Amino acid sequence: MFEMKRATPDDAGIAFEIRRLAIRHQCIGAYSEQQMLDWTKGSAADGYDTLMQKHFYLGYVESEPVATGMLDLEHREIGAIFIHPDFMQRGLGKRVLHFLEALARDLGLAEVCLDATLNAADFYRRCGYVGEGRAIYQSPSGLQLACVPMVKQLKTV
């Protein structure tokens, strides 16, 4: 069974670890080894923990945290979708995405946007997101990464 729960500040460490493992597993070839190391260095206390104050969620399988996802209402942006490598290819990314889209709809958003990593752009296109051009994502830590800005109109249910 898979369920999503709102993250608390105490969840920052496990959320950061899921992110680190997912990036190092999924982004091979899309980004250089140095970019991946720079992207995943540090700890949750380096600023990642502040994300827990947003609509940040953990996904659980059998009470084990294995996925993350976030909705930034201010920017109408979905982000931080990461799946622990041991749980990839099970449809969990799509379930996290659909959960966040439903939350966005419930909170009154008509569309959402995201900056897809180069390796994830096709996944988001299959989920109805539109965007082809590349841009540079500027992380809070100063790291710059190529990304694909995308948008999706949310249908009212």
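So, here's what we can say about the structure. (Residues numbered from 1 in each chain as written. Predicted model: local features only at pLDDT ≥ 70, side-chain atom pairs only at ≥ 80, totals over all residues. Heavy atoms only, no water.)

## Things to note about the pattern of salt bridges
Here is step 1 of the chain: As enumerated under the stated definition, the model contains 6 salt bridges in all.
Here is step 2 of the chain: Between K54 and D72 there is a salt bridge, and its shortest N-O distance comes to 3.6 Å. Separated by 18 residues along the polypeptide, K54 in the loop between α2 (33-40) and β2 (55-61) and D72 in strand β3 (residues 64-72) bring together distant segments of the chain.
Here is step 3 of the chain: Relative accessible area serves as the criterion here: at 28%, K54 is assigned to the partly exposed category.
Here is step 4 of the chain: Residues E111 and R76 are paired through a salt bridge, measuring 2.7 Å at the closest nitrogen-oxygen approach. One end of the pair, E111, is in strand β5 (residues 111-117); the other, R76, is in the loop between β3 and β4 (77-83), with 35 residues separating them in the sequence.
Here is step 5 of the chain: Judged by relative accessible area, E111 falls into the partly exposed class, the value being 22%.
Here is step 6 of the chain: If you follow the salt bridges from partner to partner, you end up with D122, R125 and E132 in one network. (Salt bridge = Lys/Arg side-chain N within 4 Å of Asp/Glu carboxyl O. Helix = DSSP H or I, 4+ residues; strand = E, 2+ residues; numbered from the N terminus. Buried < 20%, exposed > 50% of the residue type's maximum accessible area, 1.4 Å probe, protein only.)

## Comments concerning the packing of helix α1 (residues 12-26) against α2
Here is step 1 of the chain: As a packed pair, α1 and α2 sit with axes 10 Å apart at the nearest point and diverge in direction by 175°. By the angle between their axes, α1 is roughly antiparallel relative to α2. Each of F16, R19, R20, I23 and R24 in α1 lies in contact with α2, whose residues at this interface are M36, L37, W39 and T40.
Here is step 2 of the chain: The class makeup of the residues in the contact of α1 with α2 is 5 nonpolar, 1 polar and 3 charged. (Axes fitted to C-alpha atoms, helices over the stretch in contact; angles between N-to-C directions. Parallel < 35°, antiparallel > 145°, perpendicular 65-115°, else oblique. Contact = heavy atoms within 4.5 Å. Nonpolar A, V, L, I, M, F, W, Y, C, P; charged D, E, K, R; others polar.)

The quantities given are spatial measurements derived from coordinates; they are silent on function.
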